[in-house]
Amino acid sequence: MTKLSPMQKKLVSIGILLSLILLIAIVHSANWIQGSLFIIGLFLGATLLYARFGFTSAFRRLVSVGNVQGLQAHMLMFVVATTLFAIILSTGFSFTGITPKGYVSPVGVSVIFGAFLFGIGMQLGNGCASGTLYNLGGGSSSMILTLTFFIIGSTLGAYHFTFWMEDTPSLPPISLAESTGLGYFGAWLLQLVVFAAIYWITIIITKKKNPPMMKPLPTTTGWKRVLRGSWPLFTAAIVLAVLNALTLTVRGTPWGITSAFALWGAKTLMAAGVDVTSWGFFSGANGEALKKTVLADSTSVMNFGIILGAFISASFQGTFKPKKIKPGVAGASIIGGLLMGYGSRLAFGCNIGAYFGGIASFSLHGWVWMIMAMLGTFLALYIRPLFGLKNPNSKDSFC
């Protein structure tokens, strides 16, 4: 068992204090629904950090050496989330009176191209949307660059949004539950079969390739493990699925991340005198968000929660130790952030909104996103070494 670092008690105190102050500000500026979503964000950040739950690394390990541990955790997460989403969406269950609605988006050139760009970007930026936030909170210096350019790329994608929506071929939104006649029970059964098939394929891959296993995280035993140690991937998968379902019952839509980045970028441009209200992306609810404080935007407050939840968790573990950014890593972070930001706007979301939320909502675009992001990952494995980034090797002891 790897020895744990001493707890960073001052940082834990600072993180908790900042969270309380922000919670009060959110409730005062908006309402308790927003405050509840901020708290859910804190738990999401903690879960991601304690398990180092990866989407980027899961895809990279699978494509490079055939390590399937991350993807297997994704499948368990989907089984739980799909089950809960089917119940919530079919019954209209809500804690707040807001009718729940899944993420079901059109399938077209924009999703195909956007997800492919995102797949490349997350491998260069060394983190997806959720990975960027929790690694930033966990003390990864390069994520400052990744997030900054993620916001820039997302804002640029919002600027070009109308072109991709109106001038490129697309099918309408396709729900496996509502567009096929299967209903939620039939679609639930269908997706369970697909998840089981993918899991079975991962077992075959493991037997064939005998890949290096993931490096064990420093941990401890007993109840101390909850705050000081690390969490098993499968435990985190279940917790993330439950928290996503809880988000759906509180705000009426699943967990998302990147729409807030476009909002932050647009508000920055507005402060500089740029008129963004004419952009197609900022029509409807997105346009209304421009008129309000970011504390009234549910995705923004959840993002703040993820960062602070990861910061507090890393401080409990004693691992919040920012380091200097190497030039190659800096370049990759900038390009990766731009590609992820732009790609997420085209693809109606990121690894959370499109992949996790889309598939859990029975949307065909979620499956298309998965395939294209995996192809982007494959190409990125040839680009990463140009920036000094290492890929897993079949001769490694650990991934």
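The coordinates are above.
What comes next is a walk through the structure. (Residues numbered from 1 in each chain as written. Predicted model: local features only at pLDDT ≥ 70, side-chain atom pairs only at ≥ 80, totals over all residues. Heavy atoms only, no water.)

Considering the overall build of the protein
What the protein contains, in helices and strands, is 17 helices and 2 strands. Relative to the 2.2 N^0.38 estimate, which gives 21 Å for 399 residues, the radius of gyration of the protein is 20 Å and therefore close to what a compact globule would have. A burial count over the protein gives 54% of its 399 residues as buried. Considering only contacts in the protein between residues 6 or more positions apart, those separated by 24 or more positions represent 82%. Entry remark: accessible area of the protein is about 17,100 Å², with carbon and sulfur atoms responsible for 69%. (Helix = DSSP H or I, 4+ residues; strand = E, 2+ residues; numbered from the N terminus. Rg over C-alpha atoms; globule rule 2.2 N^0.38 Å. Buried < 20%, exposed > 50% of the residue type's maximum accessible area, 1.4 Å probe, protein only. Contact = heavy atoms within 4.5 Å. Areas by Shrake-Rupley, 256 points an atom, 1.4 Å probe, with all protein chains shown as cover.)

Concerning the layout of surface pockets
Counted as a void, the second largest pocket has a volume near 1,300 Å³. Surrounding the second largest pocket, 45 residues form its lining, Y103, T253, S259, A285 and N286 being those nearest its centre. Elements supplying a minimum of two residues to the lining of the second largest pocket: α2 (32–51), α12 (259–271), α13 (285–290) and α14 (298–317). Taken together, the residues that form the lining of the second largest pocket break down as 19 nonpolar, 19 polar and 7 charged. (1 Å grid on protein atoms, 1.4 Å probe; cavity = no way out; pocket = protein on both sides within 12 Å on 5 of 7 lines; lining within 4 Å. Points joined across faces, edges and corners; volume = space filled by probe spheres on them. Nonpolar A, V, L, I, M, F, W, Y, C, P; charged D, E, K, R; others polar.)

A closer look at helix α3 (residues 56–65)
Most of α3 sits out of view: 8 of its 10 residues are buried. Regarding α3, the residues found buried are T56, S57, A58, F59, R60, R61, L62 and V65. Elements in contact with the buried residues of α3: α4 (69–91), α5 (109–124), α9 (183–209), α16 (351–360) and α17 (364–383).

As for empty space enclosed by the protein
Going through the model one piece at a time under the given rule, you end up with 1 cavity of 30 Å³ or more. If you add up the space inside the largest cavity, you get close to 40 Å³. R52, F53, G54, S57, A58, R61, G70, A73, M214 and L233 together form the lining of the largest cavity. Elements with a contribution of two residues or more to the lining of the largest cavity: α3 and α4. Counted by class, the lining of the largest cavity contains 5 nonpolar, 3 polar and 2 charged residues.

Describing the pattern of salt bridges
Tallied over the full model, the rule gives 1 salt bridge. When the shortest N-O distance is used, the salt bridge between E288 and K291 registers 3.3 Å. (Salt bridge = Lys/Arg side-chain N within 4 Å of Asp/Glu carboxyl O.)

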